[in-house]
Amino acid sequence: MKPSLSLSTALPNRWSMAFLVVACAVAALGMPLAVSAADRAPLPTIARLDVPRYMGTWHEIAKYPNWFQRRCVGDTSARYSQQPDGTVQVLNRCRREDGSFDEALGQARQIGAADSPRLQVRFAPAWLSFVPLVWGDYWVIDLDADYQLVAVSEPRREYLWILSRDRKSTRL
């Protein structure tokens, strides 16, 4: 007679069973994420960005919701100013529910050539700028020829903003 393998001998206690269930769930959840991230094409950007022309005020028309704008209810804008050292000063502003305005002052820098549409931005204090984690990607992925309407994202596609020179764009 052949020896039989029972579940009770293969998995001697309920903690082993719980571990097996959790491991299977993690594997099942992680596999599609790993496959989709590996299969995703790199995020395309525009060919070149004329940074001086991009400077000025842009108004948020739409966005993917994000944690750092959770208190903003409207009148969201970004003002970009070229600095003598080649960086860009960024002033983000939005209206809160109580009518007050929230502002965040940051700095952006281009990555690559002088006409690169790939920038990094930080809102952490300047003394932390040596820490790579304080810099976030800011990639211009679409821009009309007149520099009036822009789409901005980042390589992981977790953030997206549609910005316009006008508060209410009719060009969409």
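Please read these numbers as outputs of a predicted model, since none were measured by experiment.

Here is what the cut-offs are and how they apply
- Numbers given for residues are sequential positions, taken from 1 along each chain in its written order.
- Residues qualify for local features only when their pLDDT is at least 70, as the model is predicted, and side-chain atom pairs are given and counted only at 80 or more; totals for whole chains, interfaces and linings, by contrast, use all residues.
- Each side-chain value is derived from all of the structure's non-hydrogen atoms; neither hydrogens nor water enter the calculation.
- Each salt bridge in this description consists of a side-chain nitrogen of Lys or Arg and a carboxyl oxygen of Asp or Glu lying within 4 Å of one another.
- Under the DSSP-based scheme used, a helix requires at least four consecutive residues in state H or I and a strand at least two consecutive residues in state E, with every element numbered from the N terminus.
- For each residue, the accessible area found with a 1.4 Å probe, counting protein chains only, is set against the maximum for its type, and the residue is called buried under 20%, exposed over 50%, and partly exposed in between.
- Using a 1 Å grid laid over the protein atoms alone, points where a 1.4 Å probe fits but cannot get out form a cavity; open sets with protein on both sides within 12 Å along at least 5 of 7 lines form a pocket; any residue with an atom within 4 Å of a point counts as lining.
- Grid points are joined across faces, edges and corners, and a volume is the space filled by probe spheres set on the points.
- Residue type decides the class: Asp, Glu, Lys and Arg count as charged, Ala, Val, Leu, Ile, Met, Phe, Trp, Tyr, Cys and Pro as nonpolar, and the leftover types, Gly among them, as polar.
- The rule is short: rings of Phe, Tyr and Trp, with Trp giving its six-membered ring, pair when the centres are within 6.5 Å, and they are stacked under 30 degrees, edge-to-face over 60, tilted in between.
- Over a ring means this: the NZ of a Lys or the CZ of an Arg is within 6 Å of the ring centre and within 35 degrees of the ring normal.
- Note on terminology: a nonpolar core comprises buried Ala, Val, Leu, Ile, Met, Phe, Trp, Tyr and Cys residues joined through side-chain atoms within 4.5 Å.
- In this description, contact between two residues means that some pair of their heavy atoms is separated by no more than 4.5 Å.
- Being paired, for any two strands, means DSSP has found at least two bridges between them.

## What to know about the pattern of salt bridges
Point 1. Tallied over the full model, the rule gives 7 salt bridges.
Point 2. Its salt-bridge partner being Arg93, residue Glu103 comes within 2.9 Å of it at the nearest N-O pair. Taken together, the residues Glu103 in strand S4 (residues 101-110) and Arg93 in strand S3 (residues 88-96) connect sequence positions 10 residues apart.
Point 3. In this structure Glu103 comes out as partly exposed when scored by relative accessible area, which is 48%.
Point 4. Among the residues examined, Arg93 registers a relative accessible area of 33% and is labelled partly exposed.
Point 5. Between Arg96 and Asp102 there is a salt bridge; the shortest N-O distance is 3.7 Å.
Point 6. Under the relative-accessibility criterion, Asp102 is labelled partly exposed at 31%.

## Some words on the layout of surface pockets
Point 1. Each pocket or cavity is described by its volume, and for the largest pocket that value is around 970 Å³.
Point 2. When residues of the lining of the largest pocket are traced back to their parent elements, those giving at least two are strand S2 (72-82), S3, S4, strand S5 (118-122), strand S6 (136-143) and strand S8 (160-164).
Point 3. Here the second largest pocket is characterised by a volume of approximately 220 Å³.
Point 4. Around the second largest pocket, the lining residues are His59, Glu60, Ile61, Lys63, Cys72, Val73, Gly74, Asp75, Thr76, Arg167 and Lys168.
Point 5. If you list the elements that add at least two residues to the lining of the second largest pocket, you get strand S1 (56-63) and S2.
Point 6. Looking at the lining of the second largest pocket element by element, the count peaks at 5 residues for S2.
Point 7. Of the residues belonging to the lining of the second largest pocket, the class tally is 3 nonpolar, 3 polar and 5 charged.

## Brief notes about the packing of aromatic side chains
Point 1. Counting across every chain of the model gives 4 aromatic pairs.
Point 2. Considering the side-chain rings of Tyr159 and Trp161, the 5.9 Å spacing of their centres and the 15° angle between planes classify their relative orientation as stacked. One exposure class covers both Tyr159 and Trp161, and it is buried.
Point 3. Taken together, Tyr54, Trp58, Tyr80 and Tyr138 form an aromatic cluster joined through their ring pairs.
Point 4. Over the aromatic face of Phe101 sits the side chain of Arg93, whose NZ or CZ is 4.0 Å from the ring centroid.
Point 5. Against the face of Trp135 rests Arg109, its NZ or CZ located 3.6 Å from the ring centre.

## Some points on the nonpolar core
Point 1. Among the nonpolar cores identified, the biggest contains 22 residues, and Leu49, Tyr54, Tyr80, Tyr138 and Leu163 are the most heavily contacted of them.
Point 2. Breaking this core down by element, the ones donating at least two residues are helix H3 (51-54), S2, S3, S5, S6, strand S7 (149-153) and S8.
Point 3. Residue contributions to this core peak at 3 residues, all from S6.
Point 4. Setting aside its immediate chain neighbours within four residues, Tyr80 contacts Tyr54, Met55, Gly56, Trp58, Val88, Gln89, Val90, Tyr138 and Leu163.

## Section: the environment of Arg109
Point 1. Within the secondary structure layout, Arg109 lies in strand S4.
Point 2. Judged by relative accessible area, Arg109 falls into the partly exposed class, the value being 31%.
Point 3. Between the C-alpha atom of Arg109 and that of Trp135, which follows or precedes it by 26 residues, the distance is 9.4 Å.
Point 4. In this view, Arg109 contacts Arg118, Leu119, Gln120 and Trp135; residues no more than four positions away in its chain are not counted.

## So, the pairing of S4
Point 1. Direction of pairing for S3 relative to S4: antiparallel, over a ladder of 8 bridges. Residue pairing in the sheet places Leu91 in a bridge with Leu105 of S4.
Point 2. Between S3 and S4, which pair antiparallel in sequence order, lie 4 residues; one of them, Gly99, sits at a positive phi of approximately 95°.
Point 3. One ladder, built from 4 bridges, connects S4 with S5; its direction is antiparallel. By the bridge assignment for S5, Gln107 is matched with Arg122.

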